Amino acid sequence: MNRHEAREQAFILVFEKSFKSDSLDEILEAAQTAREITLSDFARHVFIGVENHLEVLDRLIDENSIGWKRSRLSRVAASLLRLALYEMLFEEDIPVSVSINEAVELAKKYGTGEDASFINGLLGTVAKKLEQEGGVEKKERKEQADGAVSGD
């Protein structure tokens, strides 16, 4: 399975979680059982990462959704934004441009033209801000966010 297919699996898991209050393990188990698929390690890792950093990701969406409230976004758009932002912030081996391009392509497949352009714009804005931050590497951001989540 290539990275694109694994990312698509992760998106479907994040999207599914937006409808359910089930635990992460229950969603992972149901995905494998109901759809008879084998989840990639990457999809599982990213899905769990998104859910563990949801507060940080949603705050970024809120701060950069000019003229839009997150509640007005489609679940497809919100799920793709969460996935791409997680990769942009925390996955060291994935270039920011790849995360943006993949999210836009998935939006074209699963969402609307509006979703794709909105996602591209918001992620582009965040990418510029991250570039301006300069010295803060993804690993440091992950440690900072993990500390904030755990209350350290």
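Preceding this paragraph is the structure being described.
Quantities reported herein were computed from a predicted structural model and do not represent experimental measurements.

### Considerations on the overall build of the protein
Logical step 1: A tally of helices and strands in the protein yields 8 helices and 0 strands.
Logical step 2: Buried positions account for 45% of the 152 residues belonging to the protein.
Logical step 3: For the protein, long-range pairs separated by at least 24 residues make up 71% of all intrachain contacts whose partners lie at least 6 apart in sequence.
Logical step 4: About 8,200 Å² of surface is accessible on the protein, with carbon and sulfur atoms providing 49% of the total.

### Points about the packing of helix 3 (residues 41-52) against helix 5 (residues 75-90)
Logical step 1: Where helix 3 contacts helix 5, the axes come no closer than 9 Å and their chain directions differ by 95 degrees. Taken together, the axes of helix 3 and helix 5 are roughly perpendicular relative to one another. On helix 5, the residues that touch Phe42, His45, Val46, Gly49 and Val50 of helix 3 are Arg82, Leu83, Tyr86 and Glu87.
Logical step 2: For the contact of helix 3 with helix 5, the per-class residue count stands at 5 nonpolar, 2 polar and 2 charged.

### Observations regarding the packing of aromatic side chains
For any pair of aromatic rings, geometry is given as the distance between the ring centres together with the angle between the planes.
Logical step 1: Scanning all chains against the criterion turns up 4 aromatic pairs.
Logical step 2: Between the aromatic rings of phenylalanine 15 and phenylalanine 19, the centroid separation amounts to 5.0 Å while the plane-to-plane angle is 75 degrees, which identifies the pairing as edge-to-face.
Logical step 3: For phenylalanine 15, a relative accessible area of 25% translates into the label partly exposed.
Logical step 4: Each member of the aromatic cluster is reached from another via a ring pair, and the members are Phe11, Phe15, Phe19 and Tyr110.
Logical step 5: Sitting over the ring of phenylalanine 42, arginine 3 keeps its end group 4.1 Å from the ring centre.
Logical step 6: A cation over an aromatic ring shows up here: arginine 75 above the ring of phenylalanine 19, its NZ or CZ 4.2 Å from the ring centre.

### So, the nonpolar core
Logical step 1: Among the nonpolar cores identified, the biggest contains 45 residues, and Leu81, Leu85, Met88, Ile119 and Leu123 are the most heavily contacted of them.
Logical step 2: At the level of secondary structure, the elements contributing two or more residues to this core comprise helix 1 (3-17), helix 2 (24-34), helix 3, helix 4 (54-64), helix 5, helix 6 (96-110) and helix 7 (113-133).
Logical step 3: Ignoring any residue separated from it by four or fewer positions in sequence, one finds leucine 123 in contact with Leu81, Ala84, Leu85, Met88, Ile100 and Ala103.

### Examining the pattern of salt bridges
Logical step 1: With the rule as written, the count across this model stands at 8 salt bridges.
Logical step 2: Across the pair glutamate 87 and arginine 7 runs a salt bridge whose closest N-O atoms are separated by 2.7 Å. Of this pair, glutamate 87 sits in helix 5 while arginine 7 sits in helix 1, placing them 80 residues apart in sequence. Side by side, glutamate 87 and arginine 7 carry an identical accessibility label, which is buried.
Logical step 3: Here arginine 59 makes a salt bridge to glutamate 63, at a shortest N to O gap of 4.0 Å. Of this pair, arginine 59 and glutamate 63 are both found in helix 4, 4 residues apart, which corresponds to roughly one turn of the helix.
Logical step 4: One connected set of salt bridges, linked through shared partners, spans Arg7, Glu87 and Glu102.

### So, the environment of histidine 53
Logical step 1: With respect to the element layout, histidine 53 can be found in the loop between helix 3 and helix 4.
Logical step 2: Residue classification places histidine 53 among the buried residues on the basis of a relative accessible area of 4%.
Logical step 3: The spacing of histidine 53 and phenylalanine 90 is 37 residues in sequence and 9.6 Å in space, taken between C-alpha atoms.

### Quick notes on helix 6
Logical step 1: With 15 residues, helix 6 extends 21 Å between its outermost C-alpha atoms, agreeing within 8% with the 21 Å of an ideal straight helix rising 1.5 Å per residue.
Logical step 2: If you check which residues of helix 6 are buried, you get Ser99, Ile100, Glu102, Ala103, Val104, Leu106 and Ala107.
Logical step 3: Buried residues in helix 6 make contact with helix 1, helix 5 and helix 7.

The rules we used
Residues numbered from 1 in each chain as written. Predicted model: local features only at pLDDT ≥ 70, side-chain atom pairs only at ≥ 80, totals over all residues. Heavy atoms only, no water. Helix = DSSP H or I, 4+ residues; strand = E, 2+ residues; numbered from the N terminus. Buried < 20%, exposed > 50% of the residue type's maximum accessible area, 1.4 Å probe, protein only. Contact = heavy atoms within 4.5 Å. Areas by Shrake-Rupley, 256 points an atom, 1.4 Å probe, with all protein chains shown as cover. Axes fitted to C-alpha atoms, helices over the stretch in contact; angles between N-to-C directions. Parallel < 35°, antiparallel > 145°, perpendicular 65-115°, else oblique. Nonpolar A, V, L, I, M, F, W, Y, C, P; charged D, E, K, R; others polar. Phe/Tyr/Trp six-rings, centres within 6.5 Å; stacked < 30°, edge-to-face > 60°. Lys NZ or Arg CZ within 6 Å of the ring centre and 35° of its normal. Core = buried A, V, L, I, M, F, W, Y, C linked by side-chain atoms within 4.5 Å. Salt bridge = Lys/Arg side-chain N within 4 Å of Asp/Glu carboxyl O. Expected span 1.5 Å × (residues − 1).

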